[in-house]
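Structure at a glance
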Amino acid sequence: MEAIIQSNYAAMSKIAAQIVAELLNTKPNAVLGMATGSTPLGLYQELVRLHTREQLDFSRVTTFNLDEYVGLNANHPQSYHHFMHEHFFQHVNIPPHNINIPSGTTSNYPAFCDWYEKRIVECGGIDLQILGIGTDGHIGFNEPTSSLSSRTRLKTLSKQTIDDNARFFDRRADVPVYAITMGVGTILEARKLLLVASGNGKAKAIAQTVEGPVTSMVTASALQLHRDAVVIVDEAAASQLTMRDYYDFIYAAKPAAPRGA
Ligand code: F6R
């Protein structure tokens, strides 16, 4: 696993966007795995800037989102469908039929989850999966004790995640209790993983992910099993890493490393 520490959120987002842009420049028909939440907003803003100012082309890109709340239709302001259109898809040139987001309103969740897994395979697999991390160490909505070989499925959110996400809803009681999420096993099949995290609230989960044991109690720790996983964090999120100087040393010595703001 590669850990890249940047001075602030803007620099973190810029480096992450550069990694996505490099992929699209070498593989214009890449399959991207998308995440929602507060953290990747800066990354999406930077990709939109690269699209509008530097002609970064998404016309042959296919996307698969990690997750969606169960019970929210695509137009609900807190649905991940809405989030993605609002913050990213409406600003770039991805053909709408190339956009895949789990349905939060299907009448048959197991059948939908099977279809989603097959669709990823039909599209050639995910080249690069963007990830955030929950304060409980989740990736996607793979909460503590999720199997590290889990596939796309319906998942009950943890109390911690419901508390964390209550900020987006009028009342805590409005936060959906269930989500449909790619599994850890699904995520690990992506050819590259790019996890972004910022702020003190993520420091413990990041230390457990990068330096702790691989455990289903911190599903992000499964990134240690992946041969090409990059974790990009700001200073605050890096604050509990014990080998921080080593990560800086490696990055500084990397010949063609992208540089932040
Ligand atoms: C969202 C997702 C979640 C978030 C995580 C962090 O699609 O998969 O794992 O990445 O909950 O959310 P933020 O960035 O809002 O702290």
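Read on for an overview of the structure. (Residues numbered from 1 in each chain as written. Predicted model: local features only at pLDDT ≥ 70, side-chain atom pairs only at ≥ 80, totals over all residues. Heavy atoms only, no water.)

**A few points about the nonpolar core**
- Core analysis: the largest hydrophobic core is formed by 73 residues, its most contacted members being Tyr44, Leu47, Phe58, Phe88, Leu195 and Ile232.
- Examining the composition of this core, we find that 9 residues originate from one element, helix α1 (residues 9–26), more than from any other.
- Setting aside residues no more than four positions away along its own chain, isoleucine 232 makes contact with Ile4, Gln6, Met12, Ile15, Ala16, Ile19, Leu194, Leu195, Val196 and Ala197.
- Among the nonpolar cores identified, the runner-up in size contains 10 residues, and Leu72, Tyr80, Val175 and Ala179 belong to it. (Core = buried A, V, L, I, M, F, W, Y, C linked by side-chain atoms within 4.5 Å. Buried < 20%, exposed > 50% of the residue type's maximum accessible area, 1.4 Å probe, protein only. Helix = DSSP H or I, 4+ residues; strand = E, 2+ residues; numbered from the N terminus. Contact = heavy atoms within 4.5 Å.)

**Focus on the site of the ligand**
- Surveying the vicinity of the ligand reveals 14 residues, the closest of which are Thr39, Asp67, His138, Gly140 and Lys202.
- Protein chains bury 94% of the 410 Å² of accessible surface belonging to the ligand in isolation.
- Judged by the fraction of its atoms near the pocket grid, the ligand is located in the largest pocket.
- Class assignment of the residues belonging to the shell around the ligand gives a composition of 3 nonpolar, 8 polar and 3 charged. (Near = heavy atom within 4 Å. Areas by Shrake-Rupley, 256 points an atom, 1.4 Å probe, with all protein chains shown as cover. 1 Å grid on protein atoms, 1.4 Å probe; cavity = no way out; pocket = protein on both sides within 12 Å on 5 of 7 lines; lining within 4 Å. Sits in = over half its atoms within 2 Å of the grid points. Nonpolar A, V, L, I, M, F, W, Y, C, P; charged D, E, K, R; others polar.)

**Notes on the pattern of salt bridges**
- A complete count under the given rule lists 14 salt bridges for this structure.
- Glutamate 117 is the partner of arginine 151 in a salt bridge, and the nearest nitrogen-oxygen pair spans 2.8 Å. Taken as a pair, arginine 151 in the loop between β6 (128–131) and β7 (153–156) and glutamate 117 in helix α4 (residues 109–122) lie far apart in primary sequence, 34 residues in all.
- When its relative accessible area of 31% is taken as the criterion, arginine 151 is described as partly exposed.
- Take glutamate 117: its relative accessible area is 13%, and that puts it in the buried class.
- Among the ionic pairs, aspartate 163 bridges to lysine 159, the shortest N-O distance being 3.2 Å. (Salt bridge = Lys/Arg side-chain N within 4 Å of Asp/Glu carboxyl O.)

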